[in-house]
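Close look at the chain arrangement
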Amino acid sequence: MKQNETLLNIRLNGNDQIELSDLLIEEMGDNHVSTSIDTPMREDAFVLSDEEKMKKIEFHFREIMETLGLDLNDDSLRGTPKRVAKMYVKEIFSGLNPDNMPKVAMFQNKYRYNEMLVEKNISFYSNCEHHFVPIMGKAHIAYISNGSVIGLSKLNRIVEYFAKRPQVQERMTIQIANKLKEILGTEDVAVVIDAKHLCVSSRGVEDDSSSTVTAYYGGQFQNQASKDEFLKYVEMKTTY
């Protein structure tokens, strides 16, 4: 949908809040539209405890299942609302809570390693914020130390943290890059994500063969030579 077409499908309601047409809602979902670098969160997002959130989600998910006509007296379905509530809060959306941001220890670069460090093929599972279906893929990260280094496993943890929330891949790429720049104290950071979206493969266009690639290049990685070197490492076939 072109920008002027998008504007035509936006209107204000009586409270001067943006009201989206059904057409625009579908287009935004299918086109992976993101409205902010930060994950949109309400100011009262953490007023409720995890336990209170799970109770509310369990109740409402039960309503969804019953609306679909499912019989929750069945042994297989009876515990599903509770299981889903726990999964949402404690597992697949746990990255919404800033308390779950991994604790990161920095170390002096005593080896005086001044070349790029690349951590590639970091597996992650996320969920599309438009349809709440899985996104799965690989993240590839590189940075050039300015005097400090980070434990390798923390790179995986940072990817996992930003993946475990309703996401848009473009936003996730930038969020990971910004956090790494903040922690490492350098602009010399690169992030490439290659992912499969089930909102594309299991519904809508139902294309099971495509993947989506997003990238961020900061500092020295904006130089073509550094960018090419990073991508060369990413493309290396490494199996163990």
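Now for a description of the structure that goes with this document. Keep in mind it's a predicted model, so treat the numbers as computed, not measured. By convention here, each chain's residues receive numbers from 1 onward along its written sequence. Residue-level local features of this predicted model are given only where pLDDT is at least 70; pairs of side-chain atoms are given and counted only at 80 or more, and the full residue set underlies all totals for whole chains, interfaces and linings. Just so you know, side-chain values use all the structure's heavy atoms and leave hydrogens and water out.

Before going further, it helps to spend a moment on the packing of aromatic side chains. Each pair of aromatic rings taken from Phe, Tyr and Trp, with Trp reduced to its six-membered ring, is defined by centres within 6.5 Å and is described as stacked if the planes are under 30 degrees apart, edge-to-face if over 60, and tilted in the remaining cases. Enumeration over the complete set of coordinates arrives at four aromatic pairs. Aromatic side chains tyrosine 161 and phenylalanine 162 sit 5.0 Å apart centroid to centroid with 70° between the ring planes, which places their arrangement in the edge-to-face category. Summarising the burial analysis for this pair, tyrosine 161 and phenylalanine 162 share the class buried. Members of the aromatic cluster, each reached through a chain of ring pairs, are Tyr88, Phe93 and Phe132. Seen from the ring of tyrosine 161, arginine 165 lies directly overhead, with NZ or CZ sitting 5.0 Å from the centre. The rule for a charge over a ring is simple: NZ of Lys or CZ of Arg within 6 Å of the ring centre, and within 35 degrees of the ring normal. In this structure, lysine 227 packs its charged tip against the face of tyrosine 217, placed 4.6 Å from the ring centre. Burial classes follow relative accessibility: with a 1.4 Å probe on protein chains only, a residue under 20% of its type's maximum area counts as buried, one over 50% as exposed, and anything between as partly exposed.

Moving on: the layout of surface pockets. Think of a ball as big as a water molecule: rolled over the atoms, this probe shows where empty space is left. Each cavity reported here is a set of points on a 1 Å grid over the protein atoms alone in which a 1.4 Å probe fits but cannot get out, each pocket an open set with protein on both sides within 12 Å along at least five of seven lines, and each lining residue one with an atom within 4 Å of a point. Grid points are joined across faces, edges and corners, and a volume is the space filled by probe spheres set on the points. As a volume, the largest pocket reaches approximately 910 Å³. Taken together, 26 residues line the largest pocket, and the ones lying closest to its centre are Arg42, Ala45, Lys53, Ile57 and Leu96. Only helix H3 (50-67) and helix H5 (80-92) provide two or more residues apiece to the lining of the largest pocket. Counting residues per element, the lining of the largest pocket draws most heavily on H3, at seven residues. Put simply, Ala, Val, Leu, Ile, Met, Phe, Trp, Tyr, Cys and Pro go in the nonpolar bin, Asp, Glu, Lys and Arg in the charged bin, and everything else, Gly too, in the polar bin. A breakdown of the residues in the lining of the largest pocket according to their chemical character gives 15 nonpolar, five polar and six charged. Where helices and strands are cited, they refer to DSSP runs of H or I of at least four residues and of E of at least two residues respectively, numbered from the N terminus.

A few words now on the pattern of salt bridges. Any Lys or Arg side-chain nitrogen located within 4 Å of an Asp or Glu carboxyl oxygen qualifies as a salt bridge. Throughout the structure, instances matching the rule amount to nine salt bridges. Where arginine 78 meets aspartate 75, a salt bridge forms, and the shortest distance between an N and an O atom there is 3.0 Å. Of this pair, arginine 78 and aspartate 75 are both found in helix H4 (residues 75-78), three residues apart, which corresponds to roughly one turn of the helix. Residue arginine 78 is classed as partly exposed on the basis of its relative accessible area of 44%. The exposed category is assigned to aspartate 75, whose relative accessible area is 64%. Here glutamate 187 ties to lysine 181 by a salt bridge, and the two come within 3.4 Å at their closest N and O atoms. On the basis of relative accessible area, glutamate 187 is assigned to the partly exposed category, the value being 46%. Its relative accessible area of 15% is what places lysine 181 among the buried residues.

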